[in-house]
Amino acid sequence: MHRLKHYLALHAQNLLGTLGRMARQPVGSLMTIVVIAIALALPTGLRVLLNNAQILSGSWDGAIDFTVYLKLDVDTARAEELTRDVQAREDVTQTVFISRSEALAEFRAYSGFGEALDVLDENPLPHALIVRPASGDKADVEALAGALALMPETDFVQLDTAWVERLNGILDLARRVVDMATILLSLAVVLVIGNTIRLEINNRREEIQVVKLVGGSDGFIRRPFLYMGFFYGLAGAAMAALTVTLSLSLLASPTHALAQLYGSSFNLAGLTWLQTLLLLGSGALLGWAGAGVAAARHLRAIEPS
Amino acid sequence: MIRFDEVFKRYPNGRNALASVSFHLQRGEMAFLTGPSGAGKSTLLKLVALIERPTRGSVLVGNQNTSRVRRRRIPQFRRRLGIVFQDHKLLNDRTVFDNVALPLVIASLSRRDMGRRVRAALDQVGLLGYEKRSPVALSSGEQQRVGIARAIASRPELVIADEPTGNLDPKLSREILELFERFNEVGVTVLIATHDLVLIEEHKYRRLRLDDGKIVSGHAE
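Residues numbered from 1 in each chain as written. Chains lettered and ligands numbered in written order. Predicted model: local features only at pLDDT ≥ 70, side-chain atom pairs only at ≥ 80, totals over all residues.

1. Concerning the sheet that holds strand S3 (residues 30-34) of chain B
Residue and element names in this part refer to chain B. Spelled out, the test is: For two strands to be treated as a pair, DSSP must find no fewer than two bridges joining them. Strands are runs of DSSP state E lasting at least 2 residues, helices are runs of H or I lasting at least 4, and numbering of each runs from the N terminus. Where helices are involved, their axes are fitted lines through C-alpha atoms of the stretch in contact, as for all axes, and angles between N-to-C directions lie from 0 to 180°. Residues are treated as contacting if the C-beta atoms built from their backbones sit within 7 Å of each other.
Strand order in this open sheet of 6 strands is S6-S7-S8-S3-S9-S10, and the pairing throughout is mixed. Only two strands of the sheet have a single partner each, and these edge strands are strand S6 (81-84) and strand S10 (214-217). When the angles between neighbouring strand axes are averaged without regard to direction, this sheet yields 20 degrees. In this structure, S6 lies alongside strand S7 (residues 158-162), joined through 4 bridges in parallel fashion. Counterpart to Leu81 in the pairing with S7 is Leu158. Its contacts with the sheet place helix H1 (residues 41-48) against S3, S7, strand S8 (189-193) and strand S9 (206-211), and it is angled at close to 150 degrees to S7.

2. What about the sheet that holds strand S2 (residues 16-25) of chain B?
Residue and element names in this part refer to chain B. Here we have 4 strands laid out as an open sheet, ordered S2-S1-S4-S5, and antiparallel in their pairing. Of all the strands in the sheet, just S2 and strand S5 (64-65) have a single pairing partner and so form its edges. Of the pairings in the sheet, the one linking strand S4 (residues 56-61) to S5 comprises 2 bridges and is antiparallel in character. Opposite Val61, over in S5, you have Gln64 as the bridge partner.

3. Concerning the domain arrangement of chain B
All names here are of chain B. Heads up, the condition is: The domain boundaries here were taken from an automatic or database domain assignment.
Per the domain assignment, the segments of chain B are domain 1 (2-80 + 157-217) and domain 2 (95-155). Look at where the C-alpha atoms of domain 1 and domain 2 centre, and you get two points 23 Å apart. Each partner contributes to the interface: domain 1 provides 9 residues, whereas domain 2 provides 11 residues. Counting residues per element, the side of domain 1 that touches domain 2 draws most heavily on helix H6 (residues 170-185), which supplies 4 residues.

4. Here we look at the pairing of S10(B)
For a regular strand, side-chain orientation follows a simple rule: the groups alternate between the two sheet faces. Residues and elements named next belong to chain B. Sheet topology note: the S9/S10 ladder contains 3 bridges and is antiparallel. Looking at the pairing, Arg209 lines up with Ser217 of S10. Between S9 and the antiparallel strand that follows it, S10, lie 2 residues; Asp212 among them carries a positive phi value of about 55 degrees.

5. Quick notes on unusual backbone geometry
Notably, B:His88 is not glycine yet its phi reads approximately 65 degrees, a positive angle. Position of B:His88 among the secondary structure elements: in the loop between S6 and helix H3 (96-106).

6. Topic: the packing of H3(B) against helix H5 (residues 140-153) of chain B
Residues and elements named next belong to chain B. We apply this condition: In this scheme, roughly parallel covers angles under 35 degrees and roughly antiparallel covers those over 145, while 65 to 115 is roughly perpendicular and the rest are oblique. A crossing counts as left-handed when the near helix is turned anticlockwise from the far one by less than a right angle, and as right-handed when that turn is clockwise. The classification used treats Ala, Val, Leu, Ile, Met, Phe, Trp, Tyr, Cys and Pro as nonpolar, Asp, Glu, Lys and Arg as charged, and all other residues, Gly among them, as polar.
In the contact formed by H3 and H5, the axes pass within 7 Å of each other and the chain directions differ by 25 degrees. When the interaxial angle is binned, H3 and H5 end up roughly parallel. Pair H3 / H5 crosses with right-handed handedness. Packed against H3, whose contacting residues are Val96, Asn99, Val100, Leu102, Pro103 and Leu104, the element H5 presents Val146, Ala149, Arg150 and Ala153 at the interface. The class makeup of the residues in the contact of H3 with H5 is 8 nonpolar, 1 polar and 1 charged.

In structure tokens:
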């Protein structure tokens with residue numbers, strides 16, 4: 001009990017001492033923290049953007065409507081009957097019937113070829129059904145499309161999943177790139193902190209010798225340096241979290257405006273609490289590791305003479 | 001307390017610092033280590049504190065053969081020993097209290113015991129009330145006394161001192177020496193390296209005289 005209390009008191013003392021030491025060199029400490037913050041903010045920011053892209057592609061993924069074009073000789077009554085049949089299927093959520101005349105009106109209104117259509121004797125457009133599958137799974141969607149294509153009245157089914165696959169491919173690649181950036185920049189954080197701690201060890205060479213002379217163990221000597229690395233990492237991570245959150249809030253309103261133009265209510269997702277915690281934890285851990293590497297390499301070499 | 005047996009020390013640069021040094025310092029004894037500069041006094045003390053290791057021969061400190069102390073155990077070994085340096089080796093960014101408390105912090109003393117021991121040590125060297133001061137604000141003699149307080153704070157059985165009066169005038173030197181005498185009176189073994197002959201002449205203590213790496217007198221008692 002006494003030993004534990006002493007141990008905790010020693011740590012508390014180290015903690016305060018280290019913070020005090022960092023506060024006494026505010027410019028140098030701040031510069032180190034900013035460098036760490038930048039190195040951590042980059043992969044964090046990219047990851048958040050990637051998450052957003054995934055949310056966006058996910059919302060499309062779940063709703064791959066496709067169009068079934070009927071043959072030109074299918075009349076309206078039969079088409080409406082078919083619509084009810086398709087609607088009744090279990091693997092279909094919704095079916096919207098667009099008649100030839102509706103299609104023509106829409107085409108006339110939006111395509112800008114309205115006058116060209118007047119030249120034609122009859123409506124060239126077929127009846128169409130817009131089908132929303134119950135399942136977003138690619139195989140299910142394709143199975144449904146295949147089944148509907150086999151109906152004798154079907155001319156052809158236009159199923160456009162290729163672009164979703166392409167988007168997912170791009171996202172996969174982006175994820176890989178972000179992973180690599182994360183690893184490289186984490187390494188950079190370890191090196192930056194390691195170097196800072198190396199300088200600190202050199203500055204405190206005499207003190208280290210004195211502590212060794214009065215019987216300080218390697219662990220005792222290493223502790224304040226590990227704390228310093230820990231704090232640099234933690235402070236850098238906190239600043240990175242702040243930077244990412246601030247940047248996202250600057251992007252939020254233009255993104256929302258853009259999404260609205262597309263008829264979407266999409267909002268940029270920021271860092272969740274869990275992600276923030278993870279970022280802070282990683283920063284502190286990287287700092288601890290960097291300091292540990294520096295301490296292992298340089299403390300042993302300092303011996304009293 | 002300290003036993004040297006046929007000890008040789010040759011530094012990597014080829015210099016022979018000690019050659020065939022043998023002596024025995026009894027528990028509770030106080031002795032001077034004398035001789036001209038470069039005679040090997042500092043080397044001898046470094047072998048006692050395990051700052052250096054002998055090239056040949058054995059060094060026993062408190063019945064422990066130093067050659068059997070592995071690197072990892074050196075901190076524990078040094079905690080049983082008080083070392084006083086000519087240049088004090090105080091930490092100037094800490095208070096007098098924190099300097100004296102350093103060995104106690106390392107030895108995991110409770111906060112309360114630590115305060116008591118630090119004040120007792122400062123009282124012994126006549127610096128009670130100096131706890132909150134910075135070492136840089138003190139005179140050279142006061143700094144040396146802080147260094148001595150640090151060396152005795154953990155109540156070691158053995159205190160070694162390398163030229164503890166090196167930078168002090170005769171009056172201050174005499175005061176410092178009286179401190180060591182007082183520790184010796186309560187049973188602490190003391191070994192002081194010095195070339196301050198005037199000081200030595202005033203005292204009856206045993207003298208180990210080193211010259212050119214050899215003990216030329218005082219080895220047998």
